[in-house]
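# Close look at the chain arrangement
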Amino acid sequence: MSINKKILEVKNMHTSFKIKDNYYDAVDDVSFSLYENEVLAIVGESGCGKSTLATTIMGLHNMNYTKIKGEVIYNGENILEYPEEKFNGLRGSEIGMIFQDPLASLNPLMRIGEQIEEALFYHTDLDKKQRQQRAVELLKQVGIKNAEVIARQFPHQLSGGMRQRVIIAIALSCKPHVLIADEPTTALDVTIQAQILDLIKELQEEINSGIILITHDLGVVAQTADRVCVMYAGQIVELADVEELFNNPLHPYTRSLLHSIPQADNECAQLHVIEGMVPSLKDLPRKGCRFAPRIQWIDESEHEENPVLHDVGNGHLVRCTCWKNFHFKDE
């Protein structure tokens, strides 16, 4: 893969939510770039800030309960400073998103075809008949049979997997330059999952789009991604090319995630379990290594007081120095 020009840059992003009278960072000083013709995977446990980061980029937070600091640079401009009307022109046309929960994303009172046509109405010059034809074509593209019939149905008449494919059809309708896919294949079986990932890759090749793929499925990451960003407790703890990350994982959290994958060649081996839990937003330690409480057998002196990302070569970034002397508890 030849990486082309940078099309999106997130700089020092902080997204804080109000709990009682205080604000707490769910995304804490996150920076990364996305390039044309690239799939950047963001992985981590539930609650690590992956989806919050995505909805921040899309400008979808209620600012009565949220504080956002940092920049999202697209076409040389910080889009977080856009007025709502200008941001609406960007969403769906140039930056699209596949949401994790299709039932919450679809209007229960609108037919499927009308919901796909809505994006085309706002962002294209197609007439009514052309929009209807395009909606049916998109449903077929995402693997829905009897697309003409499905287009006239309502969301409650479809299965969860079919609703997810409708959401993907809406996101792909205007061929966005940047596509954020938040767990796009969660509700789908393995066969359809492969079809959807192939479809997303086809879009990428057609218009050199950049894709941010948010997932917890490391198998999907290995097959699809070019680079991988590992998040834990609101921070990036490791960032590397996909081959580098799988062949040479460094951060204790990344190594623990990969160590937790069942191995087909060792059926008798006991599954590795990461001790402890992701801390709640309110109880999140704001100083020191955030993963330290889950690897208590590693001496406190191995951690940095204020961990930063270190470049260990070839763009491989890893947070804190604890990776240098990390070992699993049973080693």
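Structure's up top.
Residues numbered from 1 in each chain as written. Predicted model: local features only at pLDDT ≥ 70, side-chain atom pairs only at ≥ 80, totals over all residues. Heavy atoms only, no water.

## Focus on the sheet that holds strand E10 (residues 235-241)
The strand order across the open sheet formed by eight strands is E6-E7-E8-E3-E9-E10-E12-E11, and the pairing between neighbours is mixed. Among the strands making up the open sheet, the edge pair consists of strand E6 (95-98) and strand E11 (309-311). Averaged over all adjacent pairs, the angle separating strand axes in this sheet is 20°, with direction ignored. Taken together, the four bridges between strand E3 (residues 39-43) and strand E9 (residues 227-232) define a ladder with parallel strand orientation. Pairing of Ala-41 across the sheet is with Val-228, part of E9. Sheet contacts for helix H11 (residues 252-259): E9 and E10; angle to E9, the most-contacted strand, approximately 105°. (Pairing = 2+ DSSP bridges. Helix = DSSP H or I, 4+ residues; strand = E, 2+ residues; numbered from the N terminus. Axes fitted to C-alpha atoms, helices over the stretch in contact; angles between N-to-C directions. Contact = heavy atoms within 4.5 Å.)

## Section: the sheet that holds strand E5 (residues 77-78)
The four strands are arranged E2-E1-E4-E5 in an open sheet whose pairing can be described as antiparallel. Single-partner strands in this sheet number two, and they are strand E2 (22-35) and E5. Across eight bridges, the pairing between strand E1 (residues 6-19) and strand E4 (residues 66-74) is antiparallel. Paired with Thr-15 across the strands is Ile-68, a residue of E4. Against the sheet, helix H1 (residues 50-57) makes contact with E1, E2 and E4, and its axis sits at roughly 115° relative to E1, the strand it touches most.

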